[in-house]
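Chains, contacts and geometry: an overview
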Amino acid sequence: MAHHLVIQLARFGDTIQTKRLLLSLAATPGDTVHLAVDASLAPFARSLYPFAEVHAVHAHATNTNPAEVLRNKDAFAALAAIPFASVYNLNFSGMALALAALFDPDAVRGYSRRNGQAFRSRWLRMGFRWMDNRRLAPLNLVDFWAYLHPDPVAPAFVNPEATARSGGKIAVVAAGREARRSLPPDVLAPLVESVFAARGGPEIVILGSGAERVFSRKLLRLFRPAVLQKVDDACGRTSLSDLPDILAGCDLVLTPDTGIMHLAAHMGIPVQAFFLSSAWCFETGPYGNGHTVFQATRFCAPCVETRPCPYATACLEPFASMELQGAVRAKEPGRWPEGLMRFTTRCDDFGCDYVPLRGDLPELASRAGLRALLAEYCGKGGDQAIAPRSAETVFHETDWMLPPVDAGGRLGDLPRGD
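If you're wondering where the values come from, they're calculated on a predicted model, not measured in any experiment.

**Digging into the environment of His262**
Position of His262 among the secondary structure elements: in helix 13 (residues 259–267). Considering only alpha carbons, one finds His262 and Thr284, 22 residues apart in sequence, at a separation of 8.9 Å. With residues near it in sequence (within four places) discarded, His262 still touches Gly13, Ile16, Gln17, Asp257, Thr284 and Gly285.

**Side note on helix 13**
Most of helix 13 sits inside the fold, with eight of its nine residues counted as buried. Of the residues making up helix 13, those classed as buried are Gly259, Ile260, Met261, His262, Leu263, Ala264, Ala265 and His266.

**Points about the sheet that holds strand 12 (residues 292–296)**
Taken together, eight strands build an open sheet; the order of strands is 9-8-7-10-11-12-13-14 and the sheet is mixed. Sheet topology places strand 9 (231–233) and strand 14 (352–358) at the edges, where each strand pairs with a single neighbour. In this sheet, neighbouring strand axes are inclined to one another by 20 degrees on average, regardless of whether the strands run parallel or antiparallel. Taken together, the six bridges between strand 13 (residues 340–347) and strand 14 define a ladder with antiparallel strand orientation. For Thr345, the partnering residue across the bridge sits in strand 14 and is Tyr354. Against the sheet, helix 9 (residues 185–198) engages strand 7 (169–173), strand 8 (204–207), strand 10 (250–255) and strand 11 (271–275), with an angle of about 170 degrees to strand 7. Helix-sheet contacts for helix 13 involve strand 7, strand 8, strand 10 and strand 11, and the interaxial angle to strand 11 is about 150 degrees.

**Concerning helix 5 (residues 73–80)**
By the burial criterion, the buried members of helix 5 are Ala75, Phe76 and Leu79. Projected down its long axis, helix 5 shows its buried positions confined to an angular sector of 95 degrees, all on one face. Facing away from the buried surface of helix 5 by more than 90 degrees, the exposed residues are Lys73 and Asp74. In this fold, the buried residues of helix 5 make contact with strand 1 (3–7), strand 3 (52–57), strand 4 (84–89) and helix 6 (94–100).

**As for the sheet that holds strand 4**
Within the open sheet, the six strands sit side by side as 3-2-1-4-5-6. Their pairing is mixed. Since the sheet does not close on itself, it has two edges, and those belong to strand 3 and strand 6 (117–120), each with one partner. Going from strand to strand, the sheet's axes swing by 35 degrees on average, the running direction of each strand aside. Bridge analysis of strand 4 against strand 5 (residues 108–114) gives three bridges, and the strand direction is parallel. Counted as the bridge partner of Tyr88 is Arg109 from strand 5.

**Points about the packing of aromatic side chains**
According to the stated counting rule, one finds 17 aromatic pairs in the structure shown. Taking the centre distance of 5.6 Å and the plane angle of 75 degrees together, the rings of Trp123 and Trp130 count as edge-to-face. Geometrically, the ring pair formed by Phe282 and Tyr354 is tilted, given 6.2 Å between the ring centres and 50 degrees between the ring planes. With Phe282 in helix 14 (residues 281–284) and Tyr354 in strand 14, the pair connects residues that are 72 residues apart, well separated along the chain. The buried category is assigned to Phe282, whose relative accessible area is 1%. One cation-aromatic arrangement involves Arg120 over Phe128; the distance from NZ or CZ to the ring centre is 3.9 Å.

**Here we look at the packing of helix 7 (residues 122–130) against helix 16 (residues 364–377)**
Two numbers describe how helix 7 lies on helix 16: the axes approach to 13 Å, and their chain directions differ by 175 degrees. Taken as axis vectors, helix 7 and helix 16 run roughly antiparallel relative to one another. Every residue of helix 16 that contacts helix 7 at Arg122, Trp123, Met126 and Trp130 is listed here: Leu370, Leu374 and Tyr377.

**Digging into the pairing of strand 1**
With five of five residues buried, strand 1 is to be regarded as a mostly interior element. Where strand 1 and strand 2 (residues 32–38) come together, five bridges link them in parallel fashion. Its bridge partner being in strand 2, Ile7 is matched across the sheet by Ala36. Note: strand 1 against strand 4, five bridges, orientation parallel. Looking at the pairing, Ile7 lines up with Asn89 of strand 4.

Conventions we followed
Residues numbered from 1 in each chain as written. Predicted model: local features only at pLDDT ≥ 70, side-chain atom pairs only at ≥ 80, totals over all residues. Heavy atoms only, no water. Helix = DSSP H or I, 4+ residues; strand = E, 2+ residues; numbered from the N terminus. Contact = heavy atoms within 4.5 Å. Buried < 20%, exposed > 50% of the residue type's maximum accessible area, 1.4 Å probe, protein only. Pairing = 2+ DSSP bridges. Axes fitted to C-alpha atoms, helices over the stretch in contact; angles between N-to-C directions. Arc of directions from axis to C-beta. Phe/Tyr/Trp six-rings, centres within 6.5 Å; stacked < 30°, edge-to-face > 60°. Lys NZ or Arg CZ within 6 Å of the ring centre and 35° of its normal. Parallel < 35°, antiparallel > 145°, perpendicular 65-115°, else oblique.

These values are about where atoms sit, not about what they do.
If you want it as structure tokens, here you go:
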């Protein structure tokens, strides 16, 4: 029996996106899986992953008082006492690196400390290289973390296929505090009303934290009376523990890139996601078969949200189009708005991919080549042609020179976690 630890000290959505890695570790009979998360997420993580032993770490506190820092003393001591065969640290943060430093560096994959210096494993170093051009992003984050494991479970095993329930509600996620990566109320409202009309007027529940109450109130003022009378504004009235029960009664979730989106995909509830600005579906889109993503594809996307937009958020324009409203009503428009793509999600042997249905992205062919290269490297390749430029994007000479390679010389023989 071996013990394995995953350190995931990021937020709600990241905890859900760790699922394929956790399932892969749990696939060996007799092995135990441990998960370290921020204390605020520990109860939720226990309900999400009943097969794992969850450890609460105070990672998100901003108080640097020594007494506050020492709150983790017992948690760290308990973890240090367990003889972990492998430790997967998924976060480059001071707390995560301190926790990973309790263990033999040779057992740590992902981010570790070696000789007093922060160190990224080979797989992470490669990922940072291809992230120089995010439009080519070949892997969903769920898969990126999973391939720190030598043999992750099949992608189709991770989440149920998206299946609509009959007569359920529409969930609308109010998120982002009107940040650029979320649709503002005046753009979102017509899309919600289009779905409402197409589905015969079902009930609508608006989900979000207390911080989104201003957003939801603006949204409510834009709905027609026939829609408004079917709306339950639950912003600020639901906890993380409430969300699974609420989503279980929904047929569809309309959302930007949020943790609720990942939770819906985890449960197999169909998602229609709106991605723009810094949100890029190839990286963090809904995982599993059968979801829909509308992705802004202007030349400037994906951007860095913390930097001012020099284009007056022009990526919003196609989301306000009549053509998109027709698409969410399940009517195929003859004309498609420029700067927007429609994808459906599909799991192949390598991971979750995004299949184009409408629109165009010039980089799709190059991305397919890069994805084929990485699939071969991970032992999931087929007969696809691999462009030399893709290899230059991913590999440095040291990746080939340092590790031992058998006589076959297959890409998949190179270790990823070291």
